[in-house]
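Each chain is listed here by its residues.
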Amino acid sequence: MDKHFYITTPIYYPSAKPHMGHAYSSIIADFFARFKRIDGYEVHFLTGTDEHGLKIQRSAESKKIEVQKFCDEISKTFKNLSTTLNLSNTDFIRTTEKRHIDSVKEIWKILEKNKSIYLSKYSGWYSISDEAFYNEDEIENSNGEKIAKQSKSKVEWIEEESYFFNLSKWQDKLLEHYEKNPDFISPQSKRNEVISFVKSGLKDLSISRKSFSWGIKVPNDPNHVIYVWLDALTNYISALNFPNVNNKLYKKFWPANIHLIGKDILRFHAVYWPAFLMAANLNLPQKIYGHGWILSGDEKMSKSKGNILDPIEIVKNYGIDPLRYYLIKEISFGNDGSISKKQLENCINSDLANNFGNLCQRVTAFCEKNCNGKIPNNIEFNSNDLKLLDNFSKNVGNIRNEINNQNINFYIDFIVNALFDANKYFNDEEPWNRKNDLKRLNTIVYTTFEVIRKICIMLYPIIPESSLRALKIFDLKENDIIFSSITDHNKLKPGDKINKIEILFKKIEKND
Ligand code: MSP
């Protein structure tokens, strides 16, 4: 296969309870991975856990568990989360794995060889919660404490010997890269933020710490551990067997097509990471996409704020596909959005149960009764039928383009409209009043089935399990889900038996 696509989620700081923000990043990445796969790409989809640094060391200490053991346990919860969310990731990397440690040491050595690293002394503000250094103008006072303006997390003053990366040297090269590659940072608003940050002047970056030990040791200076972000970012190439740049994975998949991240970690990905890569003479990823936050009220959902909606509990109560559908449809991609049980229930009832599930049930039941439970033959499309069917073939190029620009909302709106049109078509054509014109009756059923098939294919990246359940009507399996086949109007074979399926989505009774 010569079409390759590499997408990554951020690797997660393992915490005992993953929250909706974590689920969001992963589900969106899975959507793209699945779409590209059904569009004929070989996809590498990476997720994992980011296990070094003072934050993790302190969490383990507070629980009186040996750090590695703590990471082993907690990394497992994220691996399990991938299963709960039905992610189709092809790899799960842990930064405590040997393959990653070797890769980070190697990138350090390359940076050192290329004279991008020097030893000096760091003094400044540091947030353990963000594992980030802040300038004086990025912090503020709050109840007698110093906090970072953006994340509101506590900062502390540190002074210690540290290795530095010569970030300032890369300022102009970074700006040039942003200029030449207008899509490198998306969406545009995030691009503007990054550009103005870089233009305001980059200082060299402290990339080692001496006052704690939980990290990858600096080659030839074991008193220092490597800064957790230099460590973590390198995961994207460790998973491709870096430093062996001649191996198949690296050759196929680097540079990555997209690093999907939350907007809070944009600076690390859009400034530090490309600068590290430039300094190491490695190619830069094609795109960094900073999505919005999942809010609870108007605050970011986060463990420290105690306002978490637990994705695992939601999946237990509602199923994974409703959650995936909600997050993909109801959050305008690139912006912040919110989720509540009530919003989720409305979405299940109106979109999934009424518009999609009901259409599948209705047409199948009608076909059972009136077409011997077989895909009808003796068909002749009229302009109404063709209008409905052609909508897909006409838009196939559009859909691909919009997906390449991460316009998820275009994609889902297309499906919602197609479902609306299909329901309307079936109602308006009234096949139940065409029993004297079997050709017309058959054609209406056939056309609606074809549209259901196309819609199921498009729904697969969003709600894979339900799409596959619905495709059982036609005995179609995962291998039959090929995006380009939405252009075909005659895929279903007349005479083939159709299968009755269980209700796809149960309506949720509400008291209000
Ligand atoms: N370990 C770093 C990432 C290293 S990548 C080389 C990290 N981990 S995290 O667990 O704190 O966050 C992982 C991802 O979840 C980030 O993209 C972050 O933006 C996202 N989210 C965390 N809370 C979020 C919301 N409330 N809403 C949406 N996404 C947010 O950062």
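Residues numbered from 1 in each chain as written. Predicted model: local features only at pLDDT ≥ 70, side-chain atom pairs only at ≥ 80, totals over all residues. Heavy atoms only, no water.

A. Just the sheet that holds strand 2 (residues 42-49), in detail. Taken together, the 6 strands give an open sheet; going across it, the order is 3-2-1-14-15-9, and neighbouring strands pair in parallel fashion. On the outer flanks of this sheet lie strand 3 (91-94) and strand 9 (185-186), each paired with one strand and no other. Pairing geometry for strand 1 (residues 4-8) and strand 2, over 5 bridges, is parallel. Paired with threonine 8 across the bridge in strand 2 is leucine 46. Along the sheet face, helix 1 (residues 20-38) touches strand 1, strand 2, strand 14 (258-262) and strand 15 (288-291) and points at about 165° away from the line of strand 2. (Pairing = 2+ DSSP bridges. Helix = DSSP H or I, 4+ residues; strand = E, 2+ residues; numbered from the N terminus. Contact = heavy atoms within 4.5 Å. Axes fitted to C-alpha atoms, helices over the stretch in contact; angles between N-to-C directions.)

B. Looking closely at the state of the cysteines. Tallying each qualifying case throughout the model produces 0 disulfides. Cysteine 456 takes part in no disulfide bond, and the closest cysteine sulfur, belonging to cysteine 360, lies 5.2 Å away. Owing to a relative accessible area of 0%, cysteine 456 belongs among the buried residues under this scheme. (Disulfide = S-S within 2.5 Å. Buried < 20%, exposed > 50% of the residue type's maximum accessible area, 1.4 Å probe, protein only.)

C. Molecular detail of the site of the ligand. With respect to spatial proximity, 25 residues lie near the ligand, and among them Ile11, Asp50, Gly262, Asp264 and Ile294 are the closest. In the model, an oxygen atom of the ligand is placed 2.8 Å from a nitrogen or oxygen of the glycine 262 main chain. Within the contact set of the ligand, a nitrogen atom lies 2.8 Å away from a backbone nitrogen or oxygen of isoleucine 294. The fraction of the free accessible surface of the ligand (660 Å²) that becomes covered by protein chains is 95%. (Near = heavy atom within 4 Å. Polar contact = N/O pair within 3.5 Å; in protein donor to acceptor, adjacent residues only side chain to side chain. Areas by Shrake-Rupley, 256 points an atom, 1.4 Å probe, with all protein chains shown as cover.)

D. Highlighting the pairing of strand 6 (residues 139-142). Here strand 6 pairs with strand 7 (residues 145-148) via 4 bridges, running antiparallel. Across the sheet, serine 142 pairs through a bridge with glutamate 145, a residue of strand 7. Hairpin connection between strand 6 and strand 7: a loop of 2 residues separates the two successive antiparallel strands, and asparagine 143 in this loop has a positive phi of roughly 45°.

E. Examining the packing of helix 13 (residues 341-370) against helix 15 (residues 408-429) more closely. In contact at an axis separation of 10 Å, helix 13 and helix 15 are set at 40° when each is read in the N-to-C sense. The angle between helix 13 and helix 15 places the two elements in the oblique class. Regarding helix 13 and helix 15, the two cross each other, and that crossing is left-handed. Here Asp351, Asn355, Phe356, Leu359, Arg362, Val363 and Phe366 of helix 13 lie close against helix 15, whose contacting residues are Val416, Leu419, Ala422, Asn423, Phe426 and Asn427. (Parallel < 35°, antiparallel > 145°, perpendicular 65-115°, else oblique. Left-handed = near helix turned anticlockwise from the far one by under 90°.)

F. Structural view of the sheet that holds strand 11 (residues 208-209). Across the sheet, which stays open at both edges, the 3 strands sit in the order 11-13-12 with antiparallel pairing between neighbours. The open sheet has two edge strands, strand 11 and strand 12 (217-218), and neither has a second partner. Note that strand 12 and strand 13 (residues 221-226) share 2 bridges and pair antiparallel. If you follow valine 218 over to strand 13, its bridge partner there is aspartate 221.

G. Main features of the pattern of salt bridges. Summed over the entire model, instances satisfying the criterion amount to 25 salt bridges. Its salt-bridge partner being glutamate 138, residue arginine 267 comes within 2.6 Å of it at the nearest N-O pair. With arginine 267 in helix 10 (residues 266-279) and glutamate 138 in the loop between strand 5 (132-134) and strand 6, this pair connects stretches of sequence that are 129 residues apart. Relative accessible area serves as the criterion here: at 25%, arginine 267 is assigned to the partly exposed category. The exposure class of glutamate 138 is buried, given its relative accessible area of 13%. Members of the salt-bridge network, linked through shared partners, are Asp30, Arg34, Arg324 and Glu478. (Salt bridge = Lys/Arg side-chain N within 4 Å of Asp/Glu carboxyl O.)

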